[in-house]
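Observations on the three-dimensional arrangement
Chain residues, written in single-letter form:
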Amino acid sequence: MVYASRIISHSKKLKHVSTLLRREHAVAVRGFSNTTQPSLTGREDMLKTRLNYSPAERISKCSASNVPIPSGISAMRTKPMTGPTFFREYISSQMRSVRGFSSSSDLPPHQEIGMPSLSPTMTEGNIARWLKKEGDKVAPGEVLCEVETDKATVEMECMEEGYLAKIVKEEGAKEIQVGEVIAITVEEEEDIQKFKDYTPSSGTPPAPEEKPAPSPPKEEKVEKPASAPEAKTSKPSSAPSEDRIFASPLAKKLAEDSNVPLSSIKGTGPEGRIVKADVEEFLASRGKETTAKPSKPTDSKVPALDYVDIPHTQIRKVTASRLAFSKQTIPHYYLTVDTCVDKLMGLRSQLNSFQEASGGKRISVNDLVIKAAALALRKVPQCNSSWTDEYIRQFSNVNINVAVQTENGLYVPVVKDADKKGLSKIGEEVRFLAQKAKENSLKPEDYEGGTFTVSNLGGPFGIKQFCAVINPPQAAILAIGSAEKRVVAGSGPDQFNVASYMSVTLSCDHRVIDGAIGAEWLKAFKGYIETPESMLL
């Protein structure tokens, strides 16, 4: 029994002999032993083909006497290094040389200044103008240039002391991605000339890809049968596989009938194949251009349209994307009410007489509307909220954005804590922010942080009533129409009075504000407008 148990034990160990041999084989290869040369069969032939010498010759070429050792390694070690120790040191030295400055480069230490992200939604920006020139000395806090962001023109300050050696992006450069290099600074003034013809490196990934281009013959034989079935489906068999355009038969026919080249359509099918939906989407977006081509040879008496293409500004792009996002994702509903503004106009006249006597600025109807909206938000705080996927965020601060139209586009600067400010203070801030918006000099703190928006097209343009689009992530916006005189019934049967009424429309996000809550807010707002003395309490 003892003898039988020993045989069983040894037989279990023999099961792992092949595994142990493979491990020893791998250790021998990794150790670069000059005495052990195991047979590599197919791998040995592949190494000979790629490197033009045998594994033993490859091992001998990796000796310390043949491979140039970096200075950093030779300074640390004086005796030759072989095997894995040498390769670990060599690769480590190359990693260090990539992170630092190249010793063979003529460029001194410098800093590449990238396009900063100056607002939460900014992905690209334009250079409005440079306030510093090449060769100027810069210090922390000094303004380098003015950057046109997606919402305003912002000053970009320097963070470190030095000299502006190179301006990579000149004035007027547009659509510069965040992080893209726009300038170079150096520490010493004498290093400026060395960057006269400097261009920032964008990485050199194509260089190593060119080396393995000549593939071994054995790999070509394996690849050709794989590509042979594909050649049957494409007519030009001599074209490389990368240039072929794969499309379904239905997509090809639809593209041919519509006179659309398949090369201009991006496929979304398996492995980039063009399907019918891709062609239909292309025709929906550019169908007008493709259908206009066959009509050119015909004798048409319709004259060609005369037009001018106006490039999009950053503020126009952002306005378009945000409002499209708002209408597509926010369930809008609208509530309209007419408010009598006779008492409001009377109070405004009295306050303006006091302002003129004291040398202050006049108070506008819009200032009174902003104050009434802020107080109504404090009374009905559910409307002073925003929607998120996890919760509804209700704000304690009442910050009112005011829509301002300029030649560059629509801006919405914010009056912060409007419920706590007086009418003269609100009017002063609105005039100041509106002027900055017209000069395209608003800073992020001038338009960020709003919780509610007021848009007035009645006073300046005479619009009777309109519905505004919600400014995300807010949950409501108030549209102010013009005030007009109307004939209203008096106390007696044959008595009529004339009163001034102003239509206002509240646009609400139904995810946040229910209909009854929106109506409650409009009731509070109407109360402040029709009894304006209560706003002064």
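Structure: above.
Here is a short report on the structure shown in this document.

Calculation criteria
- Residues numbered from 1 in each chain as written.
- Predicted model: local features only at pLDDT ≥ 70, side-chain atom pairs only at ≥ 80, totals over all residues.
- Heavy atoms only, no water.
- Helix = DSSP H or I, 4+ residues; strand = E, 2+ residues; numbered from the N terminus.
- Buried < 20%, exposed > 50% of the residue type's maximum accessible area, 1.4 Å probe, protein only.
- Contact = heavy atoms within 4.5 Å.
- Areas by Shrake-Rupley, 256 points an atom, 1.4 Å probe, with all protein chains shown as cover.
- Pairing = 2+ DSSP bridges.
- Axes fitted to C-alpha atoms, helices over the stretch in contact; angles between N-to-C directions.
- Salt bridge = Lys/Arg side-chain N within 4 Å of Asp/Glu carboxyl O.
- Core = buried A, V, L, I, M, F, W, Y, C linked by side-chain atoms within 4.5 Å.

Here we look at the overall build of the chain
Summing up its helical and strand segments, the chain has 17 helices and 18 strands in all. The 537 residues of the chain split such that 34% are buried. Summarising the internal contacts of the chain: among those between residues at least 6 apart in sequence, 60% fall at separations of at least 24. As displayed, the chain offers around 34,200 Å² of accessible surface, 54% of which is attributable to carbon and sulfur atoms.

Some words on the sheet that holds strand β9 (residues 332–340)
If you walk across this open sheet you meet the six strands as β9-β18-β17-β16-β12-β15, and the pairing is mixed. Lying at the two open borders of the sheet, with one neighbouring strand each, are β9 and β15 (414–415). With respect to the sheet, helix α13 (residues 365–379) is in contact with β12 (400–402), β16 (452–456), β17 (476–489) and β18 (496–509), its orientation differing from that of β16 by roughly 150°.

Brief notes about the pattern of salt bridges
Note on pairing: side chains with opposite charge can pair once their charged atoms come close. One pass over the full model with this rule turns up 17 salt bridges. Of the charged contacts in the structure, one is a salt bridge between K194 and D191, with a shortest N-O distance of 4.0 Å. The class of K194 is partly exposed, set by a relative accessible area of 47%. Classification of D191 by relative accessible area gives buried; the value is 11%. In this structure, the salt-bridge partner of E356 is R362, at a minimum N-O distance of 2.5 Å. In this structure R362 comes out as partly exposed when scored by relative accessible area, which is 45%.

Here's the deal with the environment of E281
Relative to the helices and strands, E281 resides in helix α10 (residues 276–292). Along the primary structure E281 and K266 are separated by 15 residues, whereas in three dimensions their C-alpha atoms are 10.0 Å apart.

Quick word on the nonpolar core
By size, the foremost hydrophobic cluster in this structure holds 55 residues, and its most contacted members are I400, F452, L478, I513, W521 and F525. The dominant element in this core, judged by the number of residues it contributes, is α13, at nine residues. Ignoring any residue separated from it by four or fewer positions in sequence, one finds W521 in contact with A373, A376, L377, V380, C383, F452, L478 and L506. Listed in part, the 17 residues of the second largest apolar core include I127, M156, I176 and I182.

Quick notes on the sheet that holds strand β1 (residues 110–114)
Taking strand neighbours across the sheet as the criterion, the four strands line up as β1-β8-β6-β3 in an open arrangement whose pairing is antiparallel. The strands lining the two open edges of the sheet, one partner per strand, are β1 and β3 (137–138).

Function cannot be inferred from these measures alone, as they are strictly geometric.
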